[in-house]
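Chain by chain, the residues run as shown.
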Amino acid sequence: MKVNPKKLLNSKWTAVAAQHKEKHFLVKELEFDENNIVVRCVMEAIMTKREFDINWRDLNQQSDWRAGWR
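The sections below set out a description of the structure shown in this document. (Residues numbered from 1 in each chain as written. Predicted model: local features only at pLDDT ≥ 70, side-chain atom pairs only at ≥ 80, totals over all residues. Heavy atoms only, no water.)

1. Description of the pairing of strand E1 (residues 12-19)
With 4 bridges joining them, E1 and strand E2 (residues 22-32) adopt antiparallel strand pairing. Note that in E2 the partner of Trp 13 across the bridge is Phe 25. Linking E1 to E2, which pair antiparallel, is a turn of 2 residues; within it His 20 sits at a positive phi near 55°. In terms of strand pairing, E1 meets strand E5 (residues 65-67) through 3 bridges, oriented antiparallel. Paired with Trp 13 across the strands is Ala 67, a residue of E5. (Pairing = 2+ DSSP bridges. Helix = DSSP H or I, 4+ residues; strand = E, 2+ residues; numbered from the N terminus.)

2. Points about the packing of aromatic side chains
For any two aromatic rings, the description comes down to two numbers: the centre-to-centre distance and the angle of the planes. Following the criterion strictly, the structure yields 2 aromatic pairs and no others. Consider the rings of Phe 25 and Phe 52, whose centres lie 5.6 Å apart with planes at 85°: the pair is edge-to-face. Of this pair, Phe 25 sits in strand E2 while Phe 52 sits in strand E4 (residues 51-53); the two residues are 27 residues apart in sequence, bridging distant segments of the chain. For the pair formed by Phe 25 and Phe 52, the shared burial category is buried. The interplanar angle of 80° and the centroid separation of 5.4 Å between the aromatic rings of Phe 25 and Trp 65 together place this pair among those described as edge-to-face. Placement of the pair is Phe 25 in strand E2 and Trp 65 in strand E5, with a sequence separation of 40 residues. Taking the relative accessible area as the measure of exposure, Phe 25 reaches 0% and is therefore buried. The class of Trp 65 is buried, set by a relative accessible area of 5%. An aromatic cluster is present here, built from Phe 25, Phe 52 and Trp 65 joined pairwise through their rings. (Phe/Tyr/Trp six-rings, centres within 6.5 Å; stacked < 30°, edge-to-face > 60°. Buried < 20%, exposed > 50% of the residue type's maximum accessible area, 1.4 Å probe, protein only.)

What follows is the structure, encoded as structure tokens:
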């Protein structure tokens with residue numbers, strides 16, 4: 001699946017392997033530069049509200065991430 005950066009904000013993701021006992025995440029914040037390129041992507045864990053930065057291109061790795069909550 002190819003991830004479209006323009007549709008990332010508020011998208012839901014499931015980690016294939018739990019991270020800190022968390023599996024479900026939401027893209028909470030995106031930051032674009034003057035050329036409309038994503039320079040920052042912030043994910044939020046649904047259960048704990050823990051936030052972390054991620055390279056948005058890593059969401060293309062189906063071995064690590066699945067679109068939606070499963």
